[in-house]
Amino acid sequence: MKRRDLLLSSAALALACARKSSTTSTRAVSLVVPAQPTKDGAGVSLHRALGQRALAMLDPFLMLDEFQTENPDDYIAGFPDHPHRGFETVTYMIDGAMEHRDSVGNHGRLGPGAAQWMTAGRGIVHSEMPKQERGLMWGFQLWVNLPARRKLIPPRYQDIAPTLIPEVALEKGRLRVIAGTAEGQIGPVSGIDVEPLFVDVTLEPGGAFTLPTSPQHTSFVFVTDGAMRVGATRQEVPKGHLAVLTPGQVLQLEGSHGRALVLAGRPLGEPVARWGPFVMNTDAEIQQAIADYRSGRLVRGS
Ligand code: MN
């Protein structure tokens, strides 16, 4: 090939790449952080992927914890009665169970494969107690922010039985759609302000998964088993690591015996004032939440 032809062909290639990225921009990995071991509740050992020193939040997502252990001493004390105000807690169990009971009179047990999307709104007090099933306990809790104008709405529960979560077989893998749309399946979680996407995807070696996303929505991938090649550059992300993605129209995963939670949501772009189980917009609102909790108004609402 002559030099001129080579220049022409590389120019054509560059143009083709530019065209491709302008029509279908694939999200890339901008940051990878390892989940950090920590304790919360009454001494539950867990790994915190989001809401830690290296990654305080990813608007609108505030926290992501993973509980995975075969040793009951790691979690038996659980999360006794504690309040929440101003955001949503999402519990997702792969193995084992989470028993919950709250100040509004709800109680139940999330078994393997179940999810709960709990909108705390103006306030609830609840307990969450992890339990083993068949010697296993593996679950997650995600915190999702509420917009300022909706922080004090009445609490709302969406308890989702495993059978209500669509499961899709891929050529070399499978996925479960908890919220949002993937592979033509609509997840059962509805009416959430940040229009969340929440998918649990398993890929065998050679398996791939491509998902259209709202380009400006915040998105991340938390690898829960094995490893995944993530994003435009197919960066390998191992188990226990969270990969933050750049904006883009398409989210791309390739497997090498991997499983991951894929999240996306509309950023709120509002100030965040955060103290323990309360997430508001200002320090004054945090002080009010603490005062309301102490006086019992958090759950009575007046
Ligand atoms: Mn809680």
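Up top is the structure these notes are about.
The structure contained in this document is the topic of the report that follows.

The rules we used
- Residues numbered from 1 in each chain as written.
- Predicted model: local features only at pLDDT ≥ 70, side-chain atom pairs only at ≥ 80, totals over all residues.
- Heavy atoms only, no water.
- Salt bridge = Lys/Arg side-chain N within 4 Å of Asp/Glu carboxyl O.
- Helix = DSSP H or I, 4+ residues; strand = E, 2+ residues; numbered from the N terminus.
- Buried < 20%, exposed > 50% of the residue type's maximum accessible area, 1.4 Å probe, protein only.
- Donors = N, O, S within 2.8 Å, 3.2 Å for Na, K, Ca; no water.
- Pairing = 2+ DSSP bridges.
- Axes fitted to C-alpha atoms, helices over the stretch in contact; angles between N-to-C directions.
- Phe/Tyr/Trp six-rings, centres within 6.5 Å; stacked < 30°, edge-to-face > 60°.

1. Quick notes on the pattern of salt bridges
- One pass over the full model with this rule turns up 14 salt bridges.
- Ionic pairing is found between Asp-193 and Arg-150, a salt bridge with its closest N-O pair at 3.0 Å. Of the two residues, Asp-193 sits in the loop between strand S16 (185-186) and strand S17 (197-203) while Arg-150 sits in the loop between strand S11 (138-145) and strand S12 (156-160), which places them 43 residues apart along the sequence.
- Here Arg-234 and Glu-254 are joined by a salt bridge, their closest N and O atoms 2.7 Å apart. Of this pair, Arg-234 sits in the loop between strand S19 (218-230) and strand S20 (235-238) while Glu-254 sits in strand S22 (residues 250-265), and the two are 20 residues apart along the sequence.
- For Glu-254, a relative accessible area of 21% gives the class partly exposed.

2. Re the coordination of the manganese ion
- His-82 (NE2), His-84 (NE2), His-126 (NE2) and Glu-128 (OE) make up the full set of protein donors to the manganese ion, lying at 2.1 to 2.2 Å.
- All donors of the manganese ion come from a single chain, and their spacing in sequence reads H-x1-H-x41-H-x1-E. With a gap of 42 residues between them, His-84 in strand S5 (residues 79-84) and His-126 in strand S10 (residues 124-131) connect regions that are remote in the sequence. Summarising the burial analysis for this pair, His-84 and His-126 share the class buried.

3. Describing the sheet that holds S5
- The sheet built from four strands is open, its strands ordered S5-S10-S7-S8 with antiparallel pairing. Looking at which strands have only one partner, the edges of the open sheet turn out to be S5 and strand S8 (107-110). Sheet twist, expressed as the average angle between the axes of neighbouring strands with direction ignored, equals 25 degrees.
- As paired strands, strand S7 (residues 97-102) and S10 are joined by six bridges and run antiparallel to one another. Looking across to S10, one finds that Arg-101 is bridged to Ser-127.

4. What about the packing of aromatic side chains?
- Evaluation of the coordinates by the stated rule reveals nine aromatic pairs.
- With a centroid separation of 6.2 Å and an interplanar angle of 50 degrees, the aromatic rings of Trp-138 and Phe-140 are classed as tilted.
- Owing to a relative accessible area of 2%, Phe-140 belongs among the buried residues under this scheme.
- Through a chain of ring-to-ring contacts, the aromatic side chains of Tyr-92, Trp-138, Phe-140, Phe-198 and Phe-222 assemble into a single cluster.

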